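The primary structure of each chain is shown beneath.
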Amino acid sequence: MTPAVVIIGSMALFWAAFLGVVVIPTVTMPDRPSDTWRATSAAEERGRRLYIADGCVYCHSQYVRPQDWAEGAQRIARAGDYARQQPPLLGSERTGPDLSQQGGEHPDDWHRAHFTNPRHTSPASVMPSFSFRSAAQIADLTRYVQSLGGKDADLRVARQQHWKGLAVAAYANGPDANVAWIHSKVPEVWRKMPNPYPATEASLARGQRIYELYCVGCHGPSGDGRGTAQPYLDPPPLNFALLRRNLIEGKYIGGVLYYQIMNGITGTAMPYFKTQLESAKIWDVSNYVAYNFIGYVDYPLRTDQIDAAYENAEPPPPKGFVKDQP
Amino acid sequence: MTPLNRLLDQFLPAHEHSAARRFLVSGAVWFCAGTLWGLIGAMHLAAPDFFRGIPWLEFGRIRPAHTTIVLLGFVTSALIGATLYILPVVLRTKLYGERVANLGMWVWNLAMLSGCISLPLGYTQGREYAELVFPIDCLVVIAFLCLTYSLVMTVATRHENVLYVSVWYGLGGVLWTAVLWVPGNVMWRPPGGAMIGIVDAVWLWWYGHNIFGLATTPMAVAVAYYIIPRIARKPLYSHTLSLIGFWTLLALYTHIGAHHLLQAPVPTWLKTVSVIDSVAMVVPVATVLVNLWLTMRGALREFADSWPGKLIFAGSIWYLITCIQGPLQSLPSVQRHTHFNNWVIGHAHIAVLGFAGMTALGGLWYVLPLVARRKVYSQPLIGLQYWLVLIGVAGFFVVLTAAGLIQGEVWNNGGTVYRTLPMIAPYLMARAMFGMLIIGGAFIGLYNVVMTLVRGEPHES
Ligand code: HEM
Ligand code: HEM
C-alpha cells in the first residue's frame, strides 16, 4: 500500500462513517420536547452545573429502561425528555440509583441531610459527602434534582410541599398531637391490625439488620429519633418511645408501623420502603421497632386475618420491658 | 551558541530518538499518577468517608482524572514513544522533524498535567472520555498535529519503498486521533463542548468508542506487529491478513459507538448497525491475532526469554478475551444483564490495561534500551512488574465481573440499587487490593526506567 492509499482511504472511511452514524442521526433526530419536559430555572441550571462539576454522572444514570422495576419503570425514558440539554447527562454506570425521575421523591430537608453526608439517611451508601459545598450550592443542587422528571416531578414536589406545611404545623402542636396527626392518615383497617408474625428471635435478628441498613441514620440506634440526620430534618425523625402511650385503642400498633414503613410519610423525610423491602421484611423490622423501642408487641391480638405465621414460634422473653398481652 | 539556541536544544533537541525516549518516560510517569487516582476512587467505593470533605479527592472528580491519565497519559504516551522509534526503523530513515515531535511531546505533557489538575478541581465538560475543557482540547489537537506532521514527513522521506503494516497503523493512529478529537469534543461550541439534546449521546459515544478503536488499538497493534516478528526472528506470517485486518477495523470500528446506547432512547436503526458491526468485529480481531500468533509459532523459546515479548503476548491474549466479551455484550439480550454495572468496568480494565496497557509496556521495555542506548537496568524488575500487573488485571476481571453479574441479576429481578451495595462491597474491597498490585508495578517500572537512563550499561545499537 502507498501512503496515499493509507491516508486518503482511511480518511474516506472515517468521514463516511461520520456521515452515516453521526450526521444523519443529527439531521433526522429533532430536538422536540416530550410531554413531561419543561424549561429549567436559573437555580436548577446552577445545580446542573454543580452536578457536572462534581461528576454525579459517573454514579447516576438518567434514563429508565423497561426492566428497571425498582427505579421507576412507570415512565421509560424518551428522546424528548432531554430537549435543550447540553449535554444530556445519561451516564453509563449505576453505582447509585437512576435519577431521571428523582424530583419529588424526597422533600428538600431529606436532600439537605443526604448531600451533607449520604450516610445520614442511607447508612450503606457509598455516595460522597458534599459537605464541602456551601449551603447555597446544596440548595441549588437540590433544586436541580427536584426538577428531574419535568412536569411529573413538579406534581410530586408540589405534593411534598403541601404535606410539608401540614407536617411542620402538626409537629409544632406537641409530640402526642403530632403522633395523632400522622396516625390519622393511616386507613382504619391498618390501624386496627396487629403484626401477624411473632417477634421471635429470628425475626428480631432480621429486623435489626434491616434497621441498621435503612433506618438507624434517622431514628438512631436507640430509636429515639436522634440519628445523625436529625439536625437537618424538620419535622425530625420520630422517637418511637412516644408510641408507647399512643397505641391505637390502647393495643394496636403493628399495622400502623407496617403501613408507614411501606408508604412513607409524604412531606416528611420518612421515605417509602415499598421498593426496598418485601412484605415479610417490613413485618420483621416492625417487630424489631415494636419490641426494642416501643417495648410492646401486639401479636397475637388477632390471627384471624393472616394465616401464615410460624405457629409454634414463641416470642423470646422481654429484655427489660414489660410485654403487654391482652 | 546563543542562550536561546541552548534553550532550544535543551527543550526541543534535534538528536535522534529524543522524542521517542521522552514519550516513553512520560508514559512511565503517568502510569503512576493515573493509577494513584484510580486507587483513590477504589478506596472511595470501599470506604466513602475516608476522604470526606476534600473536594479535589471526591469520587466524581477523580474518576475522570483516572480515566484520562491512564488512557491518554500512560497508554497513549508509551505507545507513541514506541511508534516514534518503530516507524523510522521500518522506513529505514530517521524521524523527520525531531524538534516538532519534541514540541508535540511538551504540549502533550502540558495537556496531561493540566488535566491531572483541572479535573480534580471540577473543570470538566461532563462527557465521559471528553471531559477535558476547551483549552486542553486545543493542546491535545496541537500535539497530535505535530506528531502527524512528523510521521507523515518521515514516510515521505523514507528509503524503504514498501510500507510495513506497523506504518499503516502507527500513522493512522495519530492522524485519526487528531481528526477525531475535534468533532468528539464538539470543539466549535466552547465552553460546553457538547451538542444539544439526546443527539449529543450519539456524538459522544461515536467518539468514545473511536478513541479506543482509532487511537489506542491501532497504535497497540502497530507495536505488536513490529515487536513480535523481531523477537521471533521471523517475517510476518501473512501480508493478506494484515490488509484484511486493517481495512475491516476501519470499516467496522467507526460504526459501533451506539452499542453504548442500546438501552437509551436513540434510533433503533443506529443500534442495529452498531450490534451487527460489533459482532463483525470478530473479523479484524481474529485476523490480527492469527497473523501474530502464527508468526510466533515455533519461536516460543524466544518469547520465554524476553520480558517485552511476554508483555506483548499477554496483551494479545487480553485482546482476544476483550474482543470475545465485546461482541457478546453488544447483544441486547446480554447487555440487559451487564449494562450500567461493574461488568463494563471489568471489560474496560482488561481492554485498556490488559490489552493496550500491557502492549504499551512491552513496547516501552523493548524500545527504551534502543533509544536510550543503554541496557535495561534490571530484567528481574520487568518480570516483577509483569507479574504484578498481570495478577492485578486478572483479579480486576474476576471480581468486577462477579460484582457486575450480581448487580445485573438483582436489578433485573426488581431489586433496588441500594440493596446491591452491601452485596458488592467485598468485591469492591478486593478491587482496591488488586489495584495496589498494579500500582506497585507502575512504581517499580518507573524506578527501572529512571535507573536505566542513569545507570544502565551503555551499548551501541
Ligand atoms: C471486538 C471489539 C469490541 C467490542 C464489540 C466491544 C464492545 C463494547 C460494548 C458493547 C461496550 C459497552 C458496554 C455497556 O455499556 O453496556 C464496551 C465498553 C467499553 N469498551 Fe469495548 N469492545 C470491544 C473492544 C474494546 C477494546 C479493544 C477496547 C480498548 C482498547 C475497549 C474498551 C472499552 C471501554 C473502556 C469501555 C467502557 C466504556 C464506558 O465507559 O462505559 N473495548 N465495549
Ligand atoms: C493503567 C491501568 C488502568 C487503566 C488503563 C484503567 C482504565 C480505566 C477505565 C477506562 C475506566 C472507566 C471504566 C468504565 O467507565 O467502564 C476505569 C475506571 C476505574 N478504575 Fe481504572 N484503570 C487502570 C488502573 C486502575 C487501578 C490500579 C485502580 C484501582 C486501584 C483502578 C480503579 C478504577 C476505578 C475505581 C474506576 C471507576 C469505576 C466506577 O465508576 O465504578 N483502575 N479505569
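Model, not experiment: these values are computed from the prediction. (Residues numbered from 1 in each chain as written. Chains lettered and ligands numbered in written order. Predicted model: local features only at pLDDT ≥ 70, side-chain atom pairs only at ≥ 80, totals over all residues. Heavy atoms only, no water.)

Here we look at the environment of L166 of chain A
Our working rule: A run of DSSP states H or I qualifies as a helix once it reaches four residues; a run of E qualifies as a strand once it reaches two. Both are numbered from the N-terminal end. For the exposure calls, accessible area comes from a 1.4 Å probe over protein chains only, and a residue counts as buried if that area is under 20% of its type's maximum, exposed if over 50%, partly exposed in between.
Relative to the assigned elements, L166 of chain A resides in helix α6 (residues 150-172). Residue L166 of chain A is classed as partly exposed on the basis of its relative accessible area of 36%.

Topic: the interface of chain B and chain A
For clarity, the cut-off: The contact criterion used throughout is that any non-hydrogen atoms of two residues lie within 4.5 Å. Buried area: the accessible area, evaluated with a 1.4 Å probe, that two parts lose upon being put together, summed over both parts. Salt bridges, as used here, are contacts in which a Lys or Arg side-chain nitrogen is within 4 Å of a carboxyl oxygen on Asp or Glu. Counting of polar contacts relies on pairs of N or O atoms within 3.5 Å, with two restrictions inside protein: one atom must be capable of donating a hydrogen and the other of accepting it, and residues adjacent in sequence are counted only when both atoms are side-chain atoms. Gly falls in the polar group here, along with every residue not listed as nonpolar (Ala, Val, Leu, Ile, Met, Phe, Trp, Tyr, Cys, Pro) or charged (Asp, Glu, Lys, Arg).
Contacts between chain B and chain A engage 84 residues on the former and 74 residues on the latter. The contact between chain B and chain A buries some 6600 Å² in all, and 69% of this surface belongs to carbon and sulfur atoms. Sorting the residues of chain B by area buried against chain A places F340, Y418 and R419 of chain B first, and these three jointly supply 13% of that buried surface. Note that D54 of chain A and R61 of chain B form a salt bridge whose closest N and O atoms lie 3.0 Å from each other. The interface formed by chain B and chain A includes 17 residue pairs in polar contact (both at pLDDT 80 or more). Sort the elements by how many residues they give to the side of chain B that touches chain A and helix α7 (residues 199-232) of chain B lands first, with nine residues. By residue class, the composition of the side of chain B that touches chain A is 47 nonpolar, 24 polar and 13 charged.

Quick look at the site of ligand 2
All names here are of chain B. What counts is decided by this rule: Near residues are defined by distance, with any heavy atom within 4 Å of the molecule or strand qualifying the residue.
Near ligand 2 you find 25 residues, and of these R63, H66, E128, H349 and G435 are the closest. A distance of 2.8 Å separates a nitrogen atom of ligand 2 from a polar atom in the side chain of H66. The separation between a nitrogen atom of ligand 2 and a polar side-chain atom of H349 is 2.7 Å. Contributing elements (two or more residues each) for the shell around ligand 2: α2 (18-46), α3 (59-90), α14 (342-372) and α16 (417-455). Considering each element in turn, the shell around ligand 2 owes the most residues, seven residues, to α2. Of the residues belonging to the shell around ligand 2, the class tally is 15 nonpolar, seven polar and three charged.

What to know about the confidence of the model for chain B
Reading predicted coordinates in detail is not appropriate for stretches of low pLDDT. All names here are of chain B. For clarity, the threshold we go by: pLDDT: the predictor's confidence for each residue, scored from 0 to 100.
Across chain B, the average pLDDT comes to 96, with 100% of residues at 70 or higher. Taken element by element, the predicted model of chain B shows its lowest mean pLDDT in helix α1 (residues 3-11) (86) and its highest in α14 (98). Overall fold confidence for the complex sits at a pTM of 0.95, while the interface term, ipTM, reaches 0.95.

Looking at helix α12 (residues 279-294) of chain A
An α-helical turn contains 3.6 residues, so any two residues separated by three or four positions project in the same direction. Residue and element names in this part refer to chain A. Cut-off, in case you're wondering: Expected span, for any helix, means 1.5 Å times one less than how many residues it has.
Taking 1.5 Å as the rise per residue, α12 with 16 residues should run 22 Å; its terminal C-alpha atoms sit 21 Å apart, in good agreement. Among the 16 residues that make up α12, 13 are buried, leaving the element largely enclosed by the rest of the structure. Two residues or fewer past α12, G295 is found with a positive phi of approximately 75°.

So, the domain arrangement of chain A
Residues and elements named next belong to chain A. To be explicit about the condition: Note that the domain bounds were set by an automatic or database domain assignment.
Its domain assignment divides chain A into domain 1 (33-156) and domain 2 (174-322). A C-alpha centroid distance of 30 Å is found between domain 1 and domain 2. Between domain 1 and domain 2, the residue contacts involve 14 residues of the former and 18 residues of the latter. Contact with domain 2 buries surface across domain 1, with D109, H120 and P123 losing the most and accounting together for 41% of the total. Where the side of domain 1 that touches domain 2 is concerned, the elements lending two or more residues are α3 (108-116) and α4 (118-121). Broken down by element, the residue count for the side of domain 1 that touches domain 2 peaks at five residues, all from α3. In terms of residue class, the side of domain 1 that touches domain 2 is built from six nonpolar, four polar and four charged.

Considerations on the coordination of the iron atom of ligand 2
A metal bound by six donors in octahedral fashion has ideal angles of 90 or 180 degrees, whereas one bound by four tetrahedral donors has an ideal angle of 109.5 degrees. Residues and elements named next belong to chain B. The condition that has to hold: The rule for donors is simple: an N, O or S atom within 2.8 Å of the metal counts, and for Na, K and Ca the reach is 3.2 Å. Water is not among the atoms, so a site may look short of donors. All geometry calls rest on donor angles, where a four-donor set with angles between 85 and 135 degrees is tetrahedral, four- and six-donor sets with opposite donors more than 155 degrees apart and all others between 65 and 115 are square planar and octahedral, and all else is irregular.
Around the iron atom of ligand 2, the protein supplies H66 (NE2) and H349 (NE2) as donor atoms, at distances of 2.0 Å. If you look at the iron atom of ligand 2, its six donor atoms make angles of 86 to 180° with each other, and the shape they trace is octahedral. Of this pair, H66 sits in helix α3 while H349 sits in helix α14, and the two are 283 residues apart along the sequence.

Concerning the site of ligand 1
Close contacts around ligand 1 come from 26 residues, with E128, Y129, F212, H339 and H347 of chain B the closest. Around ligand 1, the neighbouring residues derive from chains A and B rather than from a single chain. In this structure, E128 of chain B approaches ligand 1 through a side-chain N or O atom, which is 2.7 Å from an oxygen atom. When residues of the shell around ligand 1 are traced back to their parent elements, those giving at least two are α7, α12 (307-330) and α14 of chain B. For the shell around ligand 1, the leading source of residues is α12 of chain B, giving seven residues. Grouping the amino acids of the shell around ligand 1 by side-chain chemistry returns twelve nonpolar, 13 polar and one charged.

Some words on the environment of P120 of chain B
Turning to its location among the elements, P120 of chain B is positioned in the loop between α4 (98-118) and α5 (134-156). Excluding residues that lie within four positions of it along the chain, P120 of chain B makes contacts with W37, P55, W56, R61, A65 and G115 of chain B.

Looking at the coordination of the iron atom of ligand 1
Looking at the protein side alone, the iron atom of ligand 1 has one donor only, H347 of chain B (NE2), at 2.2 Å. Looking at the secondary structure, you find H347 of chain B in helix α14.

Here's the deal with helix α15 (residues 379-412) of chain B
Taking 1.5 Å per residue as the helical rise, α15 of chain B with its 34 residues ought to reach 50 Å, and the 49 Å between its terminal C-alpha atoms agrees with that figure. Structurally, the start of α15 of chain B carries an N-cap: the backbone nitrogen of L381 of chain B is 3.1 Å from a side-chain oxygen of S378 of chain B.

Section: the pattern of salt bridges
Residues and elements named next belong to chain A. All told, the structure shown has 31 salt bridges over all chains when counted by the stated rule. As a salt-bridge pair, R133 and D54 come within 3.0 Å of each other at their nearest N and O atoms. In this pair, R133 sits in the loop between α4 and α5 (135-147) while D54 sits in the loop between α2 (42-53) and α3, placing the two residues 79 residues apart along the sequence. One salt-bridge network, held together by shared partners, links D35, R75, R78 and D81.

Side note on the confidence of the model for chain A
The predicted model of chain A averages 91 in pLDDT, with 92% of residues at 70 or higher. A low-confidence stretch, residues 317-326 of chain A (pLDDT under 50), is modelled with 20 contacts involving residues beyond four sequence positions or located in other chains.

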